[in-house]
There are 4 protein chains.
Amino acid sequence: MLTFEWPVRVYYEDTDAGGIVYYANYLKFLERGRTEWLRSLGIEQDTWLAHGIGFVVRQVHLELLQPARFNDELIVTVVVERLGRASVVFAQQVTRRDGTVLCQAQVKAACVQFGQPGDAVKAVPMPPAILEVLQRAN
Amino acid sequence: MLTFEWPVRVYYEDTDAGGIVYYANYLKFLERGRTEWLRSLGIEQDTWLAHGIGFVVRQVHLELLQPARFNDELIVTVVVERLGRASVVFAQQVTRRDGTVLCQAQVKAACVQFGQPGDAVKAVPMPPAILEVLQRAN
Amino acid sequence: MLTFEWPVRVYYEDTDAGGIVYYANYLKFLERGRTEWLRSLGIEQDTWLAHGIGFVVRQVHLELLQPARFNDELIVTVVVERLGRASVVFAQQVTRRDGTVLCQAQVKAACVQFGQPGDAVKAVPMPPAILEVLQRAN
Amino acid sequence: MLTFEWPVRVYYEDTDAGGIVYYANYLKFLERGRTEWLRSLGIEQDTWLAHGIGFVVRQVHLELLQPARFNDELIVTVVVERLGRASVVFAQQVTRRDGTVLCQAQVKAACVQFGQPGDAVKAVPMPPAILEVLQRAN
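Parameters and conventions
Residues numbered from 1 in each chain as written. Chains lettered and ligands numbered in written order. Predicted model: local features only at pLDDT ≥ 70, side-chain atom pairs only at ≥ 80, totals over all residues. Heavy atoms only, no water. Least-squares fit on C-alpha atoms with pLDDT ≥ 70 in both. Contact = heavy atoms within 4.5 Å. Salt bridge = Lys/Arg side-chain N within 4 Å of Asp/Glu carboxyl O. Helix = DSSP H or I, 4+ residues; strand = E, 2+ residues; numbered from the N terminus. Buried < 20%, exposed > 50% of the residue type's maximum accessible area, 1.4 Å probe, protein only. Buried area = accessible area lost by both parts, 1.4 Å probe. Nonpolar A, V, L, I, M, F, W, Y, C, P; charged D, E, K, R; others polar. Pairing = 2+ DSSP bridges. Polar contact = N/O pair within 3.5 Å; in protein donor to acceptor, adjacent residues only side chain to side chain. Phe/Tyr/Trp six-rings, centres within 6.5 Å; stacked < 30°, edge-to-face > 60°.

How would you sum up the relation of the copies chain C and chain A? Please name residues and give values.
The two chain copies are connected by a rotation around an axis plus a translation along it. Its rotation angle being 180°, the transformation that places chain C on chain A also includes 0.0 Å of axial translation and leaves an RMSD of 0.0 Å. Both copies are brought into coincidence by an operation consistent with a two-fold rotation axis. Taking C-alpha positions as reference, the residue of chain C nearest the rotation axis is H61 of chain C, located at 2.3 Å. Most of the interface of chain C is mirrored in chain A, where 100% of its interface residues are also at the interface.

Can you explain the pattern of salt bridges? Please cite residues and give values.
With the rule as written, the count across this model stands at 24 salt bridges over all chains. Of the charged contacts, one joins R32 of chain A and E13 of chain D as a salt bridge, the two residues approaching to 2.8 Å between their closest N and O atoms. Of the two residues, R32 of chain A is situated in helix α1 (residues 25–40) and E13 of chain D in the loop between β1 (4–9) and α1 (25–40); the pairing between them involves two chains. In this structure, R32 of chain A and E13 of chain D share a single accessibility class: buried.

Account for the interface of chain C and chain A, with residues named and values stated.
At the junction of the two partners, chain C supplies 29 residues and chain A supplies 29 residues. Around 2500 Å² of area is buried between chain C and chain A when both sides are counted, 56% of it from carbon and sulfur atoms. It is Y23, L27 and R69 of chain C in chain C that bury the most area against chain A; as a group they hold 22% of the surface buried on that side. Along the contact surface separating chain C from chain A lie zero salt bridges. Take the side of chain C that touches chain A: its biggest share by element is nine residues, from strand β2 (residues 53–64) of chain C. For the side of chain C that touches chain A, the residue count by class is 18 nonpolar, four polar and seven charged. In the sheet, strand β2 (residues 53–64) of chain A pairs with β2 of chain C via five bridges, with the strands oriented antiparallel. Counterpart to H61 of chain A in the pairing with β2 of chain C is H61 of chain C.

Lay out the relation of the copies chain C and chain D in plain terms, naming residues and giving numbers.
Its rotation angle being 180°, the transformation that places chain C on chain D also includes 0.0 Å of axial translation and leaves an RMSD of 0.0 Å. Taken together, the interface assignments show that 100% of the residues at the interface of chain C recur at the interface of chain D, consistent with an identical surface on both copies.

Explain unusual backbone geometry to me, using residue names and the numbers behind them.
Residue and element names in this part refer to chain A. One non-glycine residue, N71, adopts positive backbone phi at about 85°. Tracing the chain through its elements places N71 in the loop between β2 and β3 (73–83). The exposure class of N71 is buried, given its relative accessible area of 6%.

Tell me about the pairing of strand β3 (residues 73–83) of chain B, residues and numbers included.
Here six bridges tie strand β1 (residues 4–9) of chain B to β3 of chain B, and the two strands are oriented antiparallel to one another. Residue E5 of chain B lies in a different strand from β3 of chain B, and its bridge partner there is T77 of chain B.

Help me get a handle on the interface of chain C and chain D, residues and values and all.
Taken together, the contact between chain C and chain D spans 13 residues of the former and 13 residues of the latter. Remark: the boundary between chain C and chain D carries four residue pairs in polar contact (both at pLDDT 80 or more).

Summarise the environment of E31 of chain B; cite the residues concerned and give the values.
Tracing the sequence through the fold places E31 of chain B in helix α1 (residues 25–40). Measuring from C-alpha to C-alpha, the distance between E31 of chain B and L49 of chain B comes to 16 Å, with 18 residues separating the pair along the chain. In this structure, E31 of chain B is in contact with Y12 and E13 of chain C together with Y22 and Y23 of chain D, ignoring residues within four places of it in sequence.

So what's going on with the packing of aromatic side chains? Which residues, and what values?
Inspection of every chain in the model, using the stated rule, returns 20 aromatic pairs over all chains. Relative to W6 of chain A, the ring of F4 of chain A has its centre 6.5 Å away and its plane inclined at 10°; by these criteria the two rings are stacked. Overall, the relative accessible area of 17% leaves F4 of chain A in the buried class. On the accessibility criterion, W6 of chain A (26% relative accessible area) is partly exposed. Note on W37 of chain D and F90 of chain D: the rings are 5.5 Å apart at their centroids and 85° apart in plane angle, and the pair reads as edge-to-face. One end of the pair, W37 of chain D, is in helix α1; the other, F90 of chain D, is in strand β4 (residues 87–96), with 53 residues separating them in the sequence. Residue classification places F90 of chain D among the buried positions, given a relative accessible area of 5%.

Pasting the structure below:
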């Protein structure tokens, strides 16, 4: 299983008055990594969203080991830890360019059908076109 | 014409590494004010969004006079400057509790029909049920 | 041990193209709850930040059970699960007004000394003035 | 005068329940452009921030012509419209890859000295090392 890597630069928008990256923003970085990993496999989420299909995060375990700072160059990694028919569990890291691990995460994302505004968001099995790509990549 | 006021507290999420509120976040505060002003008139935007109707900002003029800081208690004000059939121009301020004006803004919002993901966002006249409420409030 | 409650309204800023609250934003809501809980005990974090003292989140376990939507009125709850000399573990929930639990979280925050930009962020014991208040509240 | 260009990808984090990029987030994109333009000239803002020197936005005029959407590839452009001793006025655009202009902005940023938390943010002339680089680039 390959590790996918995606670079992220820390801008003012990502920091807080403590001078470090605000903790919620790691979840943004982690998702950019997953989005780009899907794109690298040929899966463009906007095409699927037009059919009401998307991924929704169900569980996050996040360990923040060292703070990232304004201007840091970070690397987000993506590894599939477990692939189900309706969900994926990712193991992810955010590291600094010098190799220091800043953040470790386990993220479970489930496939859903969004429907109209006001409708329930329903868990559904992944469409075969997505599942097969993920199985082949694993 | 009355001035509508809405309180906003500055949290860590709103600040940046300069120790002050990040400039984009004033646009969030200003929109919370407009949303609560609409609500005070009985207009709940989620009900309209379920029919694909919403407001989209077309123009913003923003003057940032003094920085807001972590933990500050702010007041967002909302005044309708001009009411059209398809758009509204707001004059808004963000002040500190001590009365210091931190930010002055003029915001033009247009009524739109959202449609399905992928569809164009079309400018439309406000539904009469909204327009009449805004006219009466003015 | 009392449960502290803090209301949060969902604005456009909190949602994403799936029509629901973006997952990272729950961490913002949870932190607003912790900040207001500290405030309710008389601890204003900006006063401490002026001395370089703050809390940094080290661990988050997040379960997202049901999506929150634009305009929802949410309640964030805060309970201290474990109080150490240098860190606090919180059990938190985000519920809808109708009582539905949308999100469950365990958050570990550690006391740190921030120092100048560029300096390391050092874990430190809580100042007695903070620790005593938290012990009394527990 | 050259036009500096910086690519920006739209992620879920940037969108809202209307299915389009949330208006405040254009200010983030515009600032990424300015930060990368400064970097391209050899000015790293974190180095200056360690001396308490930074840029703060004073004025923004923003025209939102067409909405950007999830997954769009955008280009942010940066042109210096006016260079003073203590401030810079930028003309900026956000365009889609197909050349459609989505957003036009004029942004005035002033040089400031940040000081300690709680201190005032003071307008100061740009340090010569910054001013000379900007003059040469113009």
